[in-house]
Amino acid sequence: MSIAGVQPKLIIHGGAGGHVKSKEGAIIVRQALHSIVEQMYALLLEGVSAAEVAAEACQLLEDQTMFNAGTGSVLQSDGQIRMSASLMDGAQQRFSGVINVSRVKNPIQLAQALQQQEDRVLSDYGAAELLRELKVPIYDPLVTIRLQEWMQEREGNFQKAMAGVIAEEELVIAHEPRKGTIGVVALDRQGKIAAGTSTGGKGLEHIGRVSDSAMPAGNYANEYAGVSCTGIGEDIIDECLAAKIVIRVTDGLKLPEAMLRSMQESKNRERDLGAIAISHDGAIAWGKTSEVILAAYHDGETIGDTLDWQDKDDKLIDFKTTMKDKG
Ligand code: GLY
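This text gives an overview of the structure that appears in the document. Please read all numbers here as calculations on a predicted model, not as lab measurements. Position numbers for residues count from 1 along each chain, tracking the sequence in the order it is written. This being a predicted model, a pLDDT of at least 70 is required before a residue's local features are given, and a value of 80 or more before pairs of side-chain atoms are given or counted; all residues contribute to the totals for chains, interfaces and linings. Each side-chain value is derived from all of the structure's non-hydrogen atoms; neither hydrogens nor water enter the calculation.

**Quick notes on the packing of helix α7 (residues 241-250) against helix α8 (residues 255-268)**
Part 1: Two elements in contact, α7 and α8, have axes whose closest approach is 9 Å; the angle formed by their N-to-C orientations is 140°. Classed by the angle they form, the pair α7 and α8 counts as oblique. The handedness of the crossing between α7 and α8 is right-handed. Where α7 approaches α8, its residues L241, K244, I245, R248 and V249 are matched on the opposing element by L255, A258, M259, R261, S262, M263, E265 and S266. For helices, the fitted line uses only the C-alpha atoms of the stretch in contact; every axis is such a line through C-alpha atoms, and the angle between N-to-C directions lies from 0 to 180 degrees. Put simply, DSSP H or I for four residues or longer makes a helix, DSSP E for two residues or longer makes a strand, and each gets a number counted from the N terminus. Angular relationships are summarised with four words: roughly parallel below 35 degrees, roughly antiparallel beyond 145, roughly perpendicular across 65 to 115, and oblique for the angles in between. In this scheme the crossing of two helices becomes right-handed for a clockwise turn of the near helix relative to the far one and left-handed for an anticlockwise turn of less than a right angle. Contacts are residue-level and defined by heavy atoms, with any inter-residue pair within 4.5 Å sufficient.

Below, the structure written as structure tokens:
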């Protein structure tokens, strides 16, 4: 039990898409997510604010090369990496973000730095200026498998709608349509909520395309709830998903019902997306219209996750019923 009255809660995600194709792949994703949840939940118990934990957890997820954010981001159609990230402090109801920023290790750090500024959302040129102002070192977030993925698509003249969510050879993700983004929602000991989201984008997209991840459609929080989305940005924007779920909770709906209703509407319109959320009463929820959302959480008692995988016969295996330990 925590020192203050409110029990902290935490949920993070590493994208949504098709089922992971092997147990080994699922274990790699699981270990990465569980380790971050464990470290970040300890900070919440120490009294670190939701906004700080959301930013730091996003940074750790960006540093995981398997996820499509920060290092390991997908390449756009012209072979360049452009990343977007946002942070929303629910207590202040304050949104900040960067859109299509390049040559930086942790885009979420820029979003965090912008929280205190008057102009709080900066796009490509402005974000690059901010990098210089903050004296953030130049960094190349490219990993080989993402370059190979782009080269392969280039051979075929970019027929694929998007790149893979996970850049991990063992996971055999090539040609599997997946939608990458990372995200975090935290409830701190003060009862304050924050949400952070970061992405390399859809991958192979038109230059200048703007992701949902640095919009209130993809990342939103207030004093009642926080939501981070993943999936096809255009679908998330059309649903205005994160803000919609938060407003439903603000207007009195319980979070599980708000999530369910919003997912049902998305499904009816054949959207391809997922979301994680926490509400002020401590409820944790996730939802998806895609096959899977790669999420893990701490509910105050224990760490859990949403992971499963397909075995070689395409049978779906639920992690929770087969893994006795956390390894
Ligand atoms: N949800 C990430 C993107 O579509 O850019």
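**Here we look at the packing of aromatic side chains**
Part 1: Stacked, tilted and edge-to-face pairs are distinguished by plane angle, under 30 degrees for stacked and over 60 for edge-to-face with tilted covering the rest, among Phe, Tyr and Trp rings (Trp via its six-membered ring) whose centres lie within 6.5 Å. Using the criterion set out here, one finds one aromatic pair in the structure.
Part 2: Centre to centre, the rings of W286 and Y297 are 5.2 Å apart; their planes meet at 20°, and the pair counts as stacked. You can see W286 sitting in strand β11 (residues 284-288) and its partner Y297 sitting in strand β12 (residues 292-298), a full eleven residues away along the chain.
Part 3: On the basis of relative accessible area, W286 is assigned to the partly exposed category, the value being 32%. Accessible area is worked out with a 1.4 Å probe on protein chains only. A residue is then buried under 20% of its type maximum, exposed over 50%, and partly exposed in between.

**Considering the packing of helix α2 (residues 50-63) against helix α3 (residues 107-114)**
Part 1: Their axes nearest at 8 Å, the elements α2 and α3 cross at an angle of 160°. For the element pair α2 / α3, the angle class is roughly antiparallel. In the crossing of α2 with α3, the sense of the turn from one axis to the other is left-handed. Between α2 and α3, the contacting residues are E52, A55, C58, Q59 and E62 on the first element and P107, I108, Q109 and Q112 on the second.
Part 2: Just so you know the grouping, Ala, Val, Leu, Ile, Met, Phe, Trp, Tyr, Cys and Pro go in nonpolar, Asp, Glu, Lys and Arg go in charged, and all remaining residues, Gly too, go in polar. Its residues assigned to classes, the contact of α2 with α3 comprises four nonpolar, three polar and two charged.

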